[in-house]
Amino acid sequence: MQASPGHIWDAVELLTFLFLILNGEALLVSAQEGNGCGHTVLGAKSGTLTSLNYPGTYPNHTQCDWRVQVPRGETLRLYFGDFNLEESKNCQAGSLTIADSGGVVILGPICGHLDAAGRNVTVNSNEVTVRFVSGTHRSGRGFLMSYSTNEHPDLISCLHKGTHFSSERFSVFCPAGCKDVKGDIWGQSEPGYRDTSVLCKAGVHAGVLSDSQGGLVRVSQERGITMYEASFANGVLSKTGPLSDKKLVFTKACTGHLAVMTYNMSTVWEDPGSSGQPVLWMPGASDARGQPLQWAANTGDREPWLELELRERSTVTGIITKGTSRFFIESYSLMYSKDRKTWKFYKAALSKDKKMFEAYSDGHTVVLNSLFPPVGARYLLLRPLTWHLRASAGVQVLGCPMPRGRSAGRGPQPTEQLPLEPVTTKSPPVLIQTSDQSPSQPMVVAVGIVLGLLLCVGCLLAGLWWRKRRRKAQMKKCSLDKDCQGFHIKTTSVDSELASYPLTRSVHDALPNPPLNDYAEPDVLSSGSKMGSTFRPPLDEGYTTPFALNHYDTPGRLPEYAEPLPPEPEYATPFGEQPMDPSLAPPLAMLQNSVHLAHHGVRIVPGPARYDSPPQKALPHGYCSPAPVGASGGQRDSVVYAEPLPVAPLLAHTYHEPL
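Since we're looking at a predicted model, the values are computed, not measured. (Residues numbered from 1 in each chain as written. Predicted model: local features only at pLDDT ≥ 70, side-chain atom pairs only at ≥ 80, totals over all residues. Heavy atoms only, no water.)

1. Notes on the overall build of the chain
Link 1 in the chain: Assigned secondary structure in the chain consists of six helices and 32 strands.
Link 2 in the chain: Buried positions account for 39% of the 659 residues belonging to the chain.
Link 3 in the chain: When the accessible surface of the chain is totalled, it reaches about 38900 Å², and 56% of it is carbon and sulfur. (Helix = DSSP H or I, 4+ residues; strand = E, 2+ residues; numbered from the N terminus. Buried < 20%, exposed > 50% of the residue type's maximum accessible area, 1.4 Å probe, protein only. Areas by Shrake-Rupley, 256 points an atom, 1.4 Å probe, with all protein chains shown as cover.)

2. Details of the sheet that holds strand S15 (residues 215–223)
Link 1 in the chain: Ordered by their spatial adjacency, five strands build an open sheet running S12-S15-S18-S14-S13, and the pairing between neighbours is antiparallel. The strands lining the two open edges of the sheet, one partner per strand, are strand S12 (169–174) and strand S13 (187–188).
Link 2 in the chain: Pairing analysis gives five bridges linking S15 to strand S18 (residues 246–250), with the strands arranged antiparallel. The residue bridging Val 219 from the neighbouring strand is Phe 250, located in S18.
Link 3 in the chain: Each of S12, S13, strand S14 (192–194), S15 and S18 touches helix H3 (residues 199–206); the most contacted strand, S18, lies at about 50° to it. (Pairing = 2+ DSSP bridges. Contact = heavy atoms within 4.5 Å. Axes fitted to C-alpha atoms, helices over the stretch in contact; angles between N-to-C directions.)

3. Describing the nonpolar core
A general trend in soluble globular proteins is that nonpolar side chains are found buried together.
Link 1 in the chain: Residues Val 316 and Val 397 are the most contacted members of the largest nonpolar core, which totals 36 residues.
Link 2 in the chain: A per-element tally of this core places strand S28 (residues 366–388) first, with six residues.
Link 3 in the chain: Contacts of Val 316, omitting those with residues within four sequence positions, involve Leu 258, Leu 310, Leu 371, Pro 374, Val 375, Leu 380, Val 397, Leu 398 and Gly 399.
Link 4 in the chain: Grouped together as the second largest cluster of nonpolar side chains are 27 residues, Cys 64, Leu 78, Cys 91 and Val 130 included. (Core = buried A, V, L, I, M, F, W, Y, C linked by side-chain atoms within 4.5 Å.)

4. As for the pattern of salt bridges
Link 1 in the chain: Under the definition given, this model contains six salt bridges.
Link 2 in the chain: Notably, a salt bridge pairs Arg 131 with Asp 65, separated by 2.9 Å at the nearest N-O pair. Within this pair, whereas Arg 131 is found in strand S10 (residues 127–134), its partner Asp 65 is found in strand S4 (residues 63–69), the two being separated by 66 residues in sequence.
Link 3 in the chain: Judged by its relative accessible area of 41%, Arg 131 is partly exposed.
Link 4 in the chain: Residue classification places Asp 65 among the buried residues on the basis of a relative accessible area of 15%.
Link 5 in the chain: Taking the shortest distance from any N to any O, the salt bridge between Glu 309 and Arg 378 comes out at 3.4 Å. Taken as a pair, Glu 309 in strand S24 (residues 306–322) and Arg 378 in strand S28 lie far apart in primary sequence, 69 residues in all. As far as burial versus exposure is concerned, Glu 309 and Arg 378 are alike and both buried. (Salt bridge = Lys/Arg side-chain N within 4 Å of Asp/Glu carboxyl O.)

5. Observations concerning unusual backbone geometry
Link 1 in the chain: The linkage connecting Gly 108 with the following residue, Pro 109, adopts the cis geometry, with an omega of -5°.
Link 2 in the chain: Within the element layout of this structure, Pro 109 appears in strand S7 (residues 105–110).
Link 3 in the chain: Here the bond from Phe 372 into Pro 373 is cis, since omega is 5°, no more than 30 degrees from zero.
Link 4 in the chain: If you trace the backbone, Pro 373 turns up in strand S28.
Link 5 in the chain: Even without a glycine there, the phi angle at Asn 53 is positive, about 70°.
Link 6 in the chain: For Asn 53, a relative accessible area of 47% translates into the label partly exposed.
Link 7 in the chain: Even without glycine at this site, Arg 340 takes up a positive phi of about 70°.
Link 8 in the chain: On the basis of relative accessible area, Arg 340 is assigned to the buried category, the value being 17%.

6. Let's talk about the pairing of S24
Link 1 in the chain: Buried residues dominate S24, accounting for 14 of its 17 residues.
Link 2 in the chain: Pairing of strand S20 (residues 260–265) with S24 involves five bridges; the strand directions are antiparallel. Pairing of Asn 264 across the sheet is with Glu 307, part of S24.
Link 3 in the chain: Pairing of S24 with strand S29 (residues 392–401), which is carried by eight bridges, proceeds in the antiparallel orientation. By the bridge assignment for S29, Thr 321 is matched with Val 395.

7. Regarding the sheet that holds S10
Link 1 in the chain: Judged by pairing direction, the sheet is antiparallel, and its five strands sit side by side in the order S1-S4-S10-S6-S7 without closing on themselves. The open sheet has two edge strands, strand S1 (31–34) and S7, and neither has a second partner. For this sheet, the mean inter-axis angle between neighbouring strands, taken without regard to orientation, is 10°.
Link 2 in the chain: Judged from the seven bridges that link them, strand S6 (residues 94–100) and S10 form a sheet pairing that is antiparallel. Within the sheet, the bridge partner assigned to Asp 100 lies in S10 and is Val 128.

8. Regarding the state of the cysteines
Link 1 in the chain: One pass over the full model with this rule turns up five disulfides.
Link 2 in the chain: Covalent S-S linkage joins Cys 37 and Cys 64, the inter-sulfur distance amounting to 1.6 Å. Residues Cys 37 and Cys 64 share a disulfide whose torsion about the S-S bond is about 95°; that sign makes it right-handed. Placement of the pair is Cys 37 in strand S2 (residues 37–42) and Cys 64 in strand S4, with a sequence separation of 27 residues. The residues Cys 37 and Cys 64 share a single accessibility class, namely buried.
Link 3 in the chain: The disulfide partner of Cys 91 is Cys 111, and the gap between their sulfur atoms is 2.2 Å. One disulfide, between Cys 91 and Cys 111, carries an S-S torsion of -70° and so falls in the left-handed class. With Cys 91 in the loop between strand S5 (76–85) and S6 and Cys 111 in the loop between S7 and strand S8 (112–113), the pair connects residues that are 20 residues apart, well separated along the chain.
Link 4 in the chain: Classification of Cys 111 by relative accessible area gives buried; the value is 16%. (Disulfide = S-S within 2.5 Å.)

9. Some points on a nonpolar patch on the surface
Link 1 in the chain: Side chains of Met 443, Val 447, Val 450, Leu 451 and Leu 454 sit close together on the surface and give an oily, nonpolar patch of about 510 Å² of accessible area.
Link 2 in the chain: Secondary-structure assignment places Val 450 in helix H5 (residues 441–480). (Patch = residues over 30% accessible without salt bridge, like charges linked within 9 Å, V, L, I, M, F, W, Y side chains within 5 Å.)

10. Some points on the packing of aromatic side chains
Link 1 in the chain: The full count for this structure, using the stated rule, is twelve aromatic pairs.
Link 2 in the chain: When the ring of Tyr 193 is compared with that of Phe 250, the centres are 5.8 Å apart and the planes differ by 75°; the resulting orientation is edge-to-face. Of the two residues, Tyr 193 sits in strand S14 while Phe 250 sits in strand S18, which places them 57 residues apart along the sequence.
Link 3 in the chain: An aromatic cluster is built from Tyr 58, Trp 66, Phe 132 and Phe 143, whose rings are joined through pairwise contacts.
Link 4 in the chain: Sitting above the plane of the Phe 345 ring, Lys 354 keeps its charged end 4.8 Å from the centroid.
Link 5 in the chain: A cation over a ring is seen here: Arg 390 above Phe 327, with NZ or CZ 5.5 Å from the ring centre. (Phe/Tyr/Trp six-rings, centres within 6.5 Å; stacked < 30°, edge-to-face > 60°. Lys NZ or Arg CZ within 6 Å of the ring centre and 35° of its normal.)

11. What about the confidence of the model for the chain?
Any residue range with low pLDDT should be treated as having predicted coordinates unsuitable for detailed reading.
Link 1 in the chain: When the pLDDT values of the chain are averaged, the result is 74; 62% of them are 70 or greater.
Link 2 in the chain: Per-element averaging of pLDDT across the chain places helix H2 (residues 25–29) at the bottom with 39 and H3 at the top with 96.
Link 3 in the chain: Here residues 1–30 scores under 50 on pLDDT; set against residues more than four positions off or in separate chains, the count is 50 contacts.
Link 4 in the chain: When the criterion is pLDDT under 50, residues 406–439 qualifies, and its contacts beyond four places in sequence or with other chains add up to 61 contacts. (pLDDT = per-residue confidence, 0-100.)

And the structure:
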């Protein structure tokens, strides 16, 4: 079984209608009895009632009982807009009494006048009985009382005017039934109403609330205009008014003009015209002077109708009809459809009968009729009920397009194609009372929507989890791969320190093969720690500047850290066995030439040479130096070497532990 978003909208409309019916229980059970009842509107959540002939004098010896009820779980709020009963002993000339559903008197019997504090009455019950009794009297206007639920503490009376409010912007709750209460209004919804107009009736005229239900209105007071024009709208006729300091402007929503794509009509009047050239009275046509024309039916058409197709499915909130000075419609009914197959009559809220809209009053042929509640449709069918001479009207539709989600998949059906130009037809569309959907479809659609939402949420959570897991894996890989893009992790070892040759070396130690390069960059072990280096360590490693401990360094003159020596022959004391006979020492031909050691400033004198061995004179740092002349041992000096500084002072300067 398949369901479309259009079926969901139909189900919503059905539930809304059932909700209104349930809330209308109070309206069905509320009643009035007696011969002294005046204007009475008993709504489900608000209403208005008056004495007979109000605001004139009420007749003698009359009685009326009103049963007022609101939905269970709520309490009543009463407000007396006017109370004027002839004052007499024991209220014999007339009185009013309010009792709860158990018969317990809450207020009364009262007569005379009520001050401002006594006009607001709060009842801790959802049902009361209001009784008005009149005796022999000579004066008194009677009373006007409004009621609502306790949800609306801003309840006002049908008699309140704009001049009663000083704020530039305010909102109040108007009760049902104010349209037929005596009071004048001046102006129209645009540009506004004179501030001396009764507020709730002006709200009905502007189309911001329903007279049968009442409602909350939002008003702003703006600078007045020089002239307020009269108009007829929603069954209320306003007057032409003069300049005022302020004007009343009501806040409205969804009241834009909707575009009409095509027109269909029952018949079209063919006007012979004064010039002898016939003119068709239909939308889009013009007369001989170039003035646009509207639809007009033939005189013999006893069941005229006009069909309009909107550009898209929309929420319709109002219809404006316009007649001519010669012929016009006076009243009409409205039908609407979403697919041009199923047509429905428009009915007022809490009513089973089709609603009749007024389209003319006292010479006013431009009339606004608001829809309470609004309807969702793409096709509208205007059926005139009464007219003058011939049915004729120009129609403007007010509302706003529906969201795309509601109308998706529920556009016009391809079974019938509407023409691009207006045409005439001999018979009206067929009225289909039954619907093509089963009662179980809304339930199936609702379950499908819930399952779809759960699936979407599950997919979203799974995607987030997968993305998080992938990011963790990438971070772990990058921590081991230093070529990874986006992550660079540098590892250092706290055990890294500067390495140098030992302070002492044995003559029997074998030389490394291959020789170590003291000045090469430090190797990096697999574990990330560095081998020793003779280069200066960074200052942030916490070492103090050490003194060099070899015979090439001279503290105070040369850098503490020696630069690599140039590639030239090094003259070091050879290690090996001592020759048995000093005379057998091989001559050193290489020392025949004078060599100047620029780095240390020492000059070598050529001649027959004989070297001292470590056993003869050894220093703690492991190197040998020639014996001085005249020393014990009978060895002849052949080469003069620079004597290095004593080592004992140097040993005092050692490396400190890292900071």
